[in-house]
Amino acid sequence: RKSKPCQLAYFLLSGISIIYYVLGPRGTFHCLANVIIVWLIKRIFGPSNTTVVLTATSTMVYLVIGYILNTTVEVYDVMWTTPHSIHTMKLIGLIFDYKDGNTDPKDLTEDQKRHAVQDFSLFELLAFNFTYTGGLTGPQMSFVRFRAFCEGRIKYDTDSRGRPDSVREAFLRCFHGCFFLAAYLVGGLAFNRETLLHPTFNDENVLYRIYYTCGFGMLALTKYIGCWTVMEGGCMLLGLSYDPNHKENKWGAMRSINIRKLYLGYTNKDFIDNFNLTTKYWFIRYLFKRTREWGKWTSMVYTYLFIILWHGVLPGYWMAFFFEIPVIAAEKQLIGFLKHMIGTYDQWSTPARRCCDVFNRVVRVMALGYGIQPFILLSWEDTAQVYNGLYWVFHVMVLLWHITYQLLLKHLLPKTTERKESQPARSEVTDLSPMTECASPMTDRQNNGFTMTEQHASHRKG
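Remember, predicted model here, so these are calculated numbers, not experimental data.

Reading the values: the criteria
- Counting of residues starts from 1 at the beginning of each chain's written sequence and follows it residue by residue.
- Residue-level local features of this predicted model are given only where pLDDT is at least 70; pairs of side-chain atoms are given and counted only at 80 or more, and the full residue set underlies all totals for whole chains, interfaces and linings.
- Only hydrogens and water are set aside when side-chain values are computed; all heavy atoms of the structure are taken into account.
- Helix and strand labels come from DSSP, where a helix needs a run of H or I of at least four residues and a strand needs a run of E of at least two; each type is numbered from the N terminus.
- Only protein chains enter the accessibility calculation, which uses a 1.4 Å probe; a residue is then buried when its area is under 20% of its type maximum, exposed when over 50%, and partly exposed in between.
- Whether two residues are in contact is decided by their heavy atoms: any pair within 4.5 Å suffices.
- Accessible surface area values rest on a Shrake-Rupley calculation with a 1.4 Å probe, where residue burial reflects the displayed protein chains alone.
- What counts as an axis is a line fitted to C-alpha atoms, over the stretch in contact for a helix, and the angles between N-to-C directions run from 0 to 180 degrees.
- For a crossing to be left-handed, the near helix must be turned anticlockwise from the far one by less than a right angle; the clockwise case is right-handed.
- Residue polarity follows a fixed list, in which Ala, Val, Leu, Ile, Met, Phe, Trp, Tyr, Cys and Pro are nonpolar, Asp, Glu, Lys and Arg are charged, and the others, Gly among them, are polar.
- Lining residues are those with an atom within 4 Å of a point, where the points come from a 1 Å grid over the protein atoms alone and group into cavities, where a 1.4 Å probe fits but cannot get out, or pockets, open sets with protein on both sides within 12 Å along at least five of seven lines.
- Grid points are joined across faces, edges and corners, and a volume is the space filled by probe spheres set on the points.
- Only Phe, Tyr and Trp rings are paired, with Trp represented by its six-membered ring, and only when their centres lie within 6.5 Å; those with planes under 30 degrees apart are stacked, over 60 edge-to-face, the remainder tilted.
- A pairing counts as a salt bridge when a side-chain nitrogen of Lys or Arg comes within 4 Å of a carboxyl oxygen of Asp or Glu.
- What goes into a patch is any residue over 30% in relative accessible area without a salt bridge, connected to like charges within 9 Å or, for nonpolar side chains (Val, Leu, Ile, Met, Phe, Trp, Tyr), within 5 Å.
- By this rule, a helix spans an expected 1.5 Å times one less than how many residues it contains.

Draft legend 1. Here's a closer look at the overall build of the protein. Helix and strand counts for the protein come out as 21 helices and zero strands. Across the 462 residues in the protein, those meeting the buried criterion constitute 51%. For the protein, long-range pairs separated by at least 24 residues make up 73% of all intrachain contacts whose partners lie at least 6 apart in sequence. Surface summary for the protein: the accessible area is close to 22,300 Å², and the carbon and sulfur share equals 65%.

This is how it looks when you write it as structure tokens:
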């Protein structure tokens, strides 16, 4: 209900205050410096490819240097590189949208038109970058959504006092987040890094070692789920995440986690498809789709390398992400092979389906808990110590599957099935995102009729 300048000032001052409280003056300086550098590039070069390249290069180089100078392999620590990584995505995405806003609409996709921005002020840039619901961690949001909110053009339902009617949903989401964070703290008493890396741990029974390692890995995920879910609750409470056309929840436009599908899914792909959604949409919108003209596989490799480097430079990140690729491929091949040999899931008997459900969930938990170890332990030495104690069991299983599939099993499939399994369809390649929205929480209708032309007109009035 307040004016746009008042809201921008509120978001800027509150966001900077939180960052200053958490990171101190040094961290605040780095975050501000990053924004000022991008603003100067924008002012000097305007809406051009040069601006996009320089923005992406400067922010990523700044981030990587910060990783190199500040990252420790002992344990992940929250420092200025944590919000800087979030701001890097925001700034790069905004500059892409800025260039799109000054490009002939005939040369843009519908998604690019929805997010195009003709211009923005330094005040808007600072407020957008430091908005407290996405200043330290996700979810990601577009500048179009942020501007529409500050200008009062996101028309959500309100209560008698003019507040969004999302209070119940917001506190429920925050409760979910607090539950996961509490589970992480309590579970840390039983599953912790010190026990896992203790010299005597490998003297335990191998089944116990697998159980403990996988439990430690799954527990680590609750920390991320908790943080993102609490932030989602904040977005709901503000009204930022309103989307009347969302298929599940009108306050779910900025959802990062689909908790039910995350834990009730059957495959590793189900987990990936419902984890860290807004960040994944960003990578698809600004990297994968914009580099498709380079070739399908080149685009995928470029996007994947950017994702890994954005996370960090330590060996653990690279090990975790590169192990994910053959795991998902093996899982897809196995599902296709079973469909051909014993029919689809719906054709099985009820007892067979129940046994399959239990088996799938057990294997998925073990694979996730095992595969995420490098992401948590970060260093090669610690990761190798843990995997040595488990005899690299899942790595061996995945390797044996690929060898067996290529040499024997693939020849049992019909040629059409074989071709589909060996060469994913176009829709499967874009399955970095499970939703056709692909990083667009607001369509034209979801934007309450707010189109790119109206954005330009509104900005000119401002």
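Now that the structure has been shown, the text picks up again.
Draft legend 2. Structural detail: the packing of helix α3 (residues 81-101) against helix α12 (residues 277-288). Contact pair α3 / α12: the axes reach a minimum separation of 11 Å and the direction vectors enclose 35°. Crossing of α3 against α12: the hand is left-handed. Of the residues in α12, those touching α3 at Met89, Ile92, Gly93, Phe96 and Asp97 are Thr279, Trp282, Phe283 and Tyr286. For the contact of α3 with α12, the per-class residue count stands at six nonpolar, two polar and one charged.

Draft legend 3. Highlighting the layout of surface pockets. When its volume is computed, the second largest pocket comes out at roughly 710 Å³. Taken together, 26 residues form the lining of the second largest pocket, with Val52, Phe96, Tyr286, Arg290 and Thr291 sitting closest to its centre. Here the lining of the second largest pocket gets five residues from one element, more than from any other, and that element is helix α2 (residues 49-70). For the lining of the second largest pocket, the residue count by class is 11 nonpolar, six polar and nine charged.

Draft legend 4. Main features of the side chain of Asn192. Position of Asn192 among the secondary structure elements: in the loop between α7 (167-187) and α8 (193-196). With residues near it in sequence (within four places) discarded, Asn192 still touches Tyr212 and Phe216.

Draft legend 5. Spotlight on the packing of aromatic side chains. Applying the stated criterion across every chain, the model contains 42 aromatic pairs. When the centroid spacing of 5.3 Å and the interplanar angle of 85° are considered together, the rings of Phe128 and Phe143 count as edge-to-face. Residue Phe128 is found in helix α5 (residues 122-130), and its partner Phe143 is found in helix α6 (residues 143-150); the two are separated by 15 residues along the sequence. A centroid spacing of 6.0 Å and a plane angle of 50° characterise the contact between Tyr208 and Tyr211, whose relative ring orientation is tilted. Here the residue Tyr208 and the residue Tyr211 both occupy positions in helix α9 (residues 206-238), the gap between them amounting to three residues, near one helical turn. On the basis of relative accessible area, Tyr208 is assigned to the partly exposed category, the value being 35%. A connected cluster of aromatic rings, assembled from ring pairs, spans Tyr10, Phe11, Trp39, Tyr98, Phe120, Phe128, Tyr132, Phe143, Phe146 and Phe149.

Draft legend 6. Here's a closer look at the pattern of salt bridges. Tallying each qualifying case throughout the model produces 12 salt bridges. Residue Arg147 is joined to Glu124 by a salt bridge in which the shortest nitrogen-to-oxygen separation is 3.0 Å. Residue Arg147 is found in helix α6, and its partner Glu124 is found in helix α5; the two are separated by 23 residues along the sequence. Taken as a pair, Arg147 and Glu124 share a single burial class, namely buried. When the shortest N-O distance is used, the salt bridge between Asp273 and Lys269 registers 2.7 Å. Highlighted residues: Asp273 and Lys269, both in helix α11 (residues 268-273), separated by four residues, approximately one helical turn. The exposure class of Asp273 is buried, given its relative accessible area of 10%. With a relative accessible area of 30%, Lys269 lands in the partly exposed category.

Draft legend 7. Structural context of a nonpolar patch on the surface. On the surface, Ile36, Leu40, Ile44, Phe45 and Leu54 cluster together into a nonpolar patch covering about 440 Å² of accessible area. Here the nonpolar patch gets four residues from one element, more than from any other, and that element is helix α1 (residues 4-45). Tracing the chain through its elements places Leu54 in helix α2.

Draft legend 8. Representation of the environment of Gly135 within the structure. Looking at where Gly135 falls in the secondary structure, it is placed in the loop between α5 and α6. Ignoring anything within four residues of it in the chain, the contact list for Gly135 reads Ile19, Pro83, His87, Lys90 and Asn129.

Draft legend 9. Layout of helix α14 (residues 315-342). With 28 residues, α14 extends 41 Å from end C-alpha to end C-alpha; this agrees with the ideal 40 Å at 1.5 Å per step. Within the sequence span of α14, burial applies to Gly316, Tyr317, Met319, Ala320, Phe321, Phe323, Val327, Ala330, Glu331, Gln333, Gly336 and Phe337. Gly343 sits one or two positions beyond α14 and adopts a positive phi of about 90°.

Draft legend 10. Main features of the environment of Phe321. Locating Phe321 in the fold gives a position in helix α14. With relative accessibility at 13%, the residue Phe321 sits in the buried group. Discounting residues that sit within four places of it in the chain, Phe321 has contacts with Tyr304, Ile307, Ile308, His311 and Phe375.

Draft legend 11. Seen up close, unusual backbone geometry. Phi at Asn276 takes a positive value of approximately 55°, unusual for a residue other than glycine. Positionally, Asn276 belongs in the loop between α11 and α12. According to the relative accessible area criterion, Asn276 is buried, its value standing at 15%. Positive phi outside glycine occurs at Leu378, with the angle close to 70°. Among the secondary structure elements, Leu378 is positioned in the loop between α16 (373-377) and α17 (380-389). A residue is classified by how much of its surface remains accessible, and Leu378, at 1% relative accessible area, is buried.

Draft legend 12. Structural detail: α2. When the terminal C-alpha atoms of α2 are compared, their 31 Å separation across 22 residues agrees well with the 32 Å that a helix rising 1.5 Å per residue should span. Taken residue by residue, α2 has Thr51, Val52, Thr55, Thr59, Met60, Tyr62, Leu63, Val64, Gly66, Tyr67 and Asn70 as its buried positions. Where α2 is buried, its residues contact α1, α3 and α13 (296-311).

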